[in-house]
Amino acid sequence: RLGIGCMPGGASMENLEKFLRDFPSSTKAIAKMGSKLHYHHHHWEFAKCEDGERMIEKIIKTFPENELGITVDTYWVQFGGCCPQDFIKSVKGRAECVHLKDFALVGSEQRMAAVGEGNLNIEKIVDNRKMHDLILEVKVPTEIVVENKEAKDKETGERVIVKKEVERKIFP
């Protein structure tokens, strides 16, 4: 899979317009080679434009499904103010991969949390993934990859991939 981590230059209407104008030729060329580009979003793509449409919606409308896939990141969907389960359903056919991360509120700050310890309904997200036959990327030897870039074990300070009791529920 070929992927792009976000639109070049970051979130702005100017960068969005440039991306929508300049990248279709690249995605067409990739499709002609038998592949497609996968777009990994962050929270800013969920910002609404002046016309009320979200940046991510404009990206999806501009690129044909066979040329641009979406790598769904559950943390960034939630951070952007949307429901991960609904977003996964809305990109059915485009999403082949989900980065499963959890979202927590610590005081008034949003943070990544160990999967299963945050506010996201991880079991429903996993069930949704199964319904749509998606790959959930994980850094443990299972079919699902769980990312926790900032989650640390409270006692050892080591990075936590997924809590064991949550792992049994998600990866039976």
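The written sequence of each chain sets the order in which its residues are numbered from 1. Local features in a predicted model are, by the rule used here, given only for residues with pLDDT of at least 70; side-chain atom pairs are given and counted only at 80 or more, and totals for whole chains, interfaces and linings are based on all residues. Derived side-chain values reflect all non-hydrogen atoms in the structure, with water molecules and hydrogen atoms excluded from consideration.

Visitor: I would appreciate a short explanation of the environment of Asp22 in the present structure.
Guide: Labels follow the DSSP assignment, with helices taken as runs of H or I lasting at least four residues and strands as runs of E lasting at least two, numbered in each case from the N terminus. The residue Asp22 is located in helix H1 (residues 13-22) in this model. At a separation of 3.1 Å, a polar atom in the side chain of Asp22 contacts the side chain of Arg21. Side-chain atoms alone can form a polar contact between residues adjacent in sequence; in general such a contact is a pair of N or O atoms within 3.5 Å, and within protein one must be able to donate a hydrogen while the other accepts it.

Visitor: Any chance you could explain the nonpolar core here in plain terms?
Guide: Proteins that are soluble and globular tend to have nonpolar side chains buried together. The set of buried Ala, Val, Leu, Ile, Met, Phe, Trp, Tyr and Cys residues whose side-chain atoms join them within 4.5 Å is what this entry labels a nonpolar core. Per-residue accessibility, obtained with a 1.4 Å probe over protein chains only, is compared with the maximum for each type, and a residue is labelled buried under 20%, exposed over 50%, and partly exposed between these values. Residues Phe19, Tyr39, Ile59, Val72 and Phe87 are the most contacted members of the largest nonpolar core, which totals 34 residues. Counting only elements with at least two residues in this core, the list comes to H1, strand E2 (37-40), helix H3 (55-62), strand E3 (68-73), helix H4 (74-79), helix H5 (84-90), strand E4 (95-99) and helix H6 (122-131). Contacts: residue pairs with any heavy atoms within 4.5 Å of one another. Not counting residues within four places of it along the chain, the set of residues in contact with Phe87 comprises His41, Phe46, Ile56, Ile70, Val72 and Val77.

Visitor: So what exactly am I meant to see when it comes to the pairing of E4 here?
Guide: A large share of E4 lies buried, amounting to four of its five residues. Pairing of E3 with E4 involves four bridges; the strand directions are parallel. When the bridges of E4 are listed, Ile70 appears paired with Ala95. At least two bridges found by DSSP between two strands are what make those strands a pair.

Visitor: Any chance you could explain the packing of aromatic side chains here in plain terms?
Guide: Pairs were defined over the aromatic rings of Phe, Tyr and Trp, the Trp ring being its six-membered one, requiring ring centres within 6.5 Å. Orientation was assigned from the angle between planes: stacked under 30 degrees, edge-to-face over 60, tilted for the rest. For the coordinates displayed, the defined rule picks out nine aromatic pairs. Summarising the aromatic geometry, the rings of Tyr75 and Phe79 are spaced 5.8 Å apart at their centres and angled 35° between planes, so their arrangement reads as tilted. Separated by four residues within a single helix, Tyr75 and Phe79 lie in helix H4, roughly one turn from each other. Taking relative accessible area as the criterion, Tyr75 reaches 5% and is therefore assigned buried. Aromatic pair Tyr75 and Phe103: ring centres 5.5 Å apart, planes at 40°, arrangement tilted. You can see Tyr75 sitting in helix H4 and its partner Phe103 sitting in strand E5 (residues 102-106), a full 28 residues away along the chain. There is no split in this pair, since Tyr75 and Phe103 are both buried.

Visitor: When you look at the environment of Asn15 in this model, what are you seeing that I'm missing?
Guide: With respect to the helices, strands and loops of the structure, Asn15 is situated in helix H1. Judged by its relative accessible area of 18%, Asn15 is buried. Setting aside anything within four residues of it in sequence, one finds Asn15 in contact with Met7, Pro8, Gly9 and Gly10. At 2.9 Å, the side chain of Asn15 forms a polar contact with the backbone oxygen of Gly9.

Visitor: Sorry, what's going on with the pattern of salt bridges here?
Guide: Two side chains bearing opposite charge may form a pair once their charged atoms approach each other closely. We define a salt bridge as a side-chain nitrogen of Lys or Arg found within 4 Å of a carboxyl oxygen belonging to Asp or Glu. For the coordinates displayed, the defined rule picks out eight salt bridges. Here Lys28 makes a salt bridge to Glu67, at a shortest N to O gap of 3.6 Å. Here the residue Lys28 occupies a position in helix H2 (residues 24-32), and Glu67 occupies one in the loop between H3 and E3, the gap between them amounting to 39 residues. What makes Lys28 partly exposed here is its relative accessible area of 40%. By relative accessible area, which is 8% here, Glu67 ends up buried. Overlapping salt bridges bring together Asp51, Glu53, Lys58 and Lys61 as one network.

Visitor: When you look at H2 in this model, what are you seeing that I'm missing?
Guide: For an α-helix, the turn length of 3.6 residues means that residues three or four places apart are oriented alike. Restricting attention to buried positions, one finds in H2 the residues Pro24, Thr27 and Ile30. Down the axis of H2, the sector holding all buried residues measures 125°, keeping them to one side. Facing away from the buried surface of H2 by more than 90 degrees, the exposed residues are Ser25 and Lys32. Looking one or two places after H2, you find Gly34, whose phi comes out positive at around 90°. Here the arc refers to the directions that run from the helix axis out to each C-beta atom.

Shape descriptors only; they carry no functional weight alone.
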